[in-house]
Structure formats: structure tokens, C-alpha cells
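Observations on the three-dimensional arrangement
Below, each chain spelled out in residue letters.
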Amino acid sequence: MIKIVVAGFKGKMGMTATKMVLSHEGFELAGVIDPHAAETNLQDIPEFHGQNVPVFKTKEDMAAAVVPDVWIDFTIPAVAYDNVQFALEHRISPVVGTTGFTETQIGELQAIAEKNHVGGLIAPNFAVGAVLMMSFAKKAAEYFPDVEIIELHHDNKLDAPSGTAIKTAEMMAEVRGKKQQGHPDEKELIAGARGADYDGMRIHSVRLPGLIAHQQVQFGNVGEGLTIRHDSYDRSSFMTGVALACEKVVTMDKLIYGLEHLL
Ligand SMILES: NC(=O)C1=CN([C@@H]2O[C@H](COP(=O)(O)OP(=O)(O)OC[C@H]3O[C@@H](n4cnc5c(N)ncnc54)[C@H](OP(=O)(O)O)[C@@H]3O)[C@@H](O)[C@H]2O)C=CC1
Ligand SMILES: O=C(O)C1=N[C@H](C(=O)O)C[C@H](O)C1
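Predicted model only: the values in this text are computed from it and were never measured. (Residues numbered from 1 in each chain as written. Chains lettered and ligands numbered in written order. Predicted model: local features only at pLDDT ≥ 70, side-chain atom pairs only at ≥ 80, totals over all residues.)

Extensive coverage of strand β2 (residues 27-33) is indicated by the burial of six of its seven residues. As paired elements, strand β1 (residues 2-7) and β2 share six bridges and run parallel to each other. Opposite K3, over in β2, you have E28 as the bridge partner. In this region the chain leaves β1, passes through helix α1 (residues 12-23) and returns to the parallel neighbour β2; the handedness of that crossover is right-handed. Two strands pair when backbone bridges link them, and β2 and strand β3 (residues 55-56) are joined in this way by two bridges, in the parallel orientation. Looking at the pairing, I33 lines up with F56 of β3. (Buried ≥ 20, exposed ≤ 12 C-beta atoms within 10 Å, placed from the backbone. Helix = DSSP H or I, 4+ residues; strand = E, 2+ residues; numbered from the N terminus. Pairing = 2+ DSSP bridges. Right-handed = clockwise from strand over helix to strand, strands pointing away.)

Next comes the structure, spelled out in C-alpha cells:
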């Protein structure tokens with residue numbers, strides 16, 4: 001049995017992950033964490049009736065009470081770095097979906113993991129289709145350097161651009177020749193009109209109620225176009241990847257960035 005804690009269990013993703021862990025026969029839910037939880041046990045929440053799982057307000061309270069193998073993190077960018085550092089230093093393998101990490105932060109956390117010989121994963125997107133979309137986009141960028149990323153999310157999202165959009169741009173930048181797109185003399189009449197600039201590629205962030213998580217990578221070439229699109233219509237789309245990561249990280253001794261390294 002892999003013992004798992006879920007940080008951010010009251011959030012949209014944390015709740016979905018909590019239910020996945022409870023329903024998975026190889027996993028045991030050792031605890032859940034939320035700083036504002038009024039409950040002390042999961043069974044105090046009607047939909048979790050009969051589930052005797054402690055609720056902790058802080059990571060320190062959790063570590064004093066249980067010894068988990070895996071830390072699932074779906075919290076907020078402002079706390080995720082400290083959470084992952086804490087998990088690694090307590091030899092708990094992090095499986096992190098929270099977005100907003102900088103490249104420098106990921107490098108620092110990888111060094112902590114290496115020092116402590118702990119495996120873990122930071123993945124901006126756990127949906128298998130999204131991983132394929134990023135991989136196909138990377139392939140297409142070898143041939144089509146003119147590309148714009150349009151990511152579309154629900155309007156409660158804190159970070160922009162999305163972690164997936166940044167990762168897609170990073171992957172395409174590995175193979176795409178240097179190119180600043182658009183007309184050299186183009187001017188934004190309203191600031192931000194051309195979107196964020198990553199290595200000459202533009203990223204546009206759409207936020208609307210009703211959306212979940214969607215991304216379109218749109219390539220243009222003389223006389224032709226190619227659009228690669230992924231849609232998460234439901235947060236269950238991320239759970240195959242989260243479950244796979246929980247199984248794999250306990251066998252690893254380093255922290256990796258991107259689910260593609262586990263597929
Ligand atoms: N990698 C992937 O596949 C995916 C990643 N995400 C990412 O996951 C993150 C969460 O998304 P989502 O569930 O939609 O967001 P929510 O806002 O619904 O959930 C975040 C939760 O974290 C809680 N929280 C805040 N501080 C702490 C803390 N110190 N310890 C534990 N919990 C804390 C919040 O509690 P409170 O509200 O009480 O402050 C809230 O319940 C985002 O960064 C998002 O981008 C989302 C979907 C897929
Ligand atoms: O906040 C979200 O919802 C999502 N966040 C991740 C991201 O920033 O890429 C993954 C997915 O797009 C959903």
C-alpha cells in the first residue's frame with residue numbers, strides 16, 4: 001500500500017485527487033491538509049461518511065502524526081515551493097500539479113531531491129492527451145517556427161500563462177529556430193494585445209466561466225496551417241496521470257519535471 005497525503009484537498013483538484021486515492025486499491029489516504037479546514041476528520045464531511053482520515057491544518061501537524069510515502073500537491077503557487085521542499089526534506093515523494101514554479105525553483109527542488117535521494121514529479125499537466133498535445137507541438141515546431149499558443153481556462157485560475165502553456169513553449173523552444181514572429185514594426189495599440197512573449201512565441205490566456213482547461217497550439221506556414229488542440233472537459237482527465245505518478249515516484253531517487261518522462 002502506498003500511503004498518500006493530499007495538500008489542498010478542499011480545492012477543485014485536491015477534492016478530485018482525494019476521491020481518486022480513496023477509490024484506488026493500491027493507495028491508502030494517510031491524511032489531508034487545508035489551512036482553513038474546520039473539520040478534524042474527513043468523515044465530518046457528509047460525502048466522505050465512514051472515511052476515517054485525519055485532516056491537518058499545517059504540514060508540520062501532518063508530519064508529527066503520520067508517515068506518508070507520497071505528497072500530492074494541488075494548492076496555490078504561493079505555498080507550493082515550501083510544500084515540496086518540506087516533503088523532500090521529510091523523505092516524502094512529491095507529486096505536484098500546482099503550477100507557477102520558475103525554472104530556478106524547479107532546479108533548486110531537484111537539487112534538494114538529489115541530496116535526500118527522494119523521487120518526485122512536478123507536472124504542469126497530468127492529462128495524457130495534454131502530454132501528447134505538447135509532444136506533437138514540439139514535433140511540429142521543428143518544421144513550423146511560426147506558432148502561437150492560446151490557452152483557455154476557468155476564471156478562478158490564479159496564474160497566467162498556464163503551466164501547460166509555458167511547458168509547451170519550453171519544449172518547442174528546444175527545437176525551433178530563433179524567430180521573432182509578426183511584423184518587425186508591429187505596435188500594440190493596447191498593451192498586451194499580442195500576448196506574452198516566450199522566446200519570440202506568443203502566448204494568449206483566455207479566462208471564462210464554464211471552461212475547465214483547454215489549449216490550442218496554432219502553426220502557420222505559407223499557404224497552410226496546423227492546429228493542435230487539447231480539451232479537459234472534466235478534472236477526472238488528470239487522475240490517470242496522478243495515479244501513475246504516485247506509483248512511480250516511490251521507486252525513483254530524483255525529481256522530474258513533466259509527466260512525459262513517466263509515460
Ligand atoms: N498539473 C495538472 O494537471 C493540473 C494543475 N492544476 C493546478 O493545481 C492548482 C490547484 O488548482 P485548483 O484545484 O483548480 O485550485 P483551487 O483554488 O480550487 O484549490 C487550491 C486549494 O489549495 C488550498 N490551499 C491554500 N493554501 C494551502 C496550504 N498552505 N496548504 C494546503 N492547501 C492550501 C486552498 O484553500 P483555501 O481556498 O482555503 O485557501 C484551495 O482549497 C493550481 O495551481 C492549478 O494550476 C489544476 C488542474 C490540473
Ligand atoms: O488551473 C487549472 O485549472 C489548470 N492548471 C494547469 C496549468 O496551469 O497548466 C493544468 C491545466 O491546464 C488546468
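Another point: the packing of helix α3 (residues 77-89) against helix α4 (residues 103-116). At a minimum axis separation of 9 Å, α3 and α4 run at an interaxial angle of 10°. Comparing the axis directions of α3 and α4 gives the class roughly parallel. Touching Y81, V84, Q85, L88 and E89 of α3 are Q105, L109, I112, A113 and N116, all from α4. (Axes fitted to C-alpha atoms, helices over the stretch in contact; angles between N-to-C directions. Parallel < 35°, antiparallel > 145°, perpendicular 65-115°, else oblique. Contact = placed C-beta atoms within 7 Å.)

Take the site of ligand 1 next. With respect to spatial proximity, 25 residues lie near ligand 1, and among them G8, G11, M13, G97 and F126 are the closest. Mapped onto the shell around ligand 1, the elements with two or more residues apiece are α1 and α3. When residues in the shell around ligand 1 are grouped by element, the largest group, three residues, is from α1. Split into classes, the residues belonging to the shell around ligand 1 amount to 12 nonpolar, 10 polar and three charged. (Near = placed C-beta within 6 Å. Nonpolar A, V, L, I, M, F, W, Y, C, P; charged D, E, K, R; others polar.)

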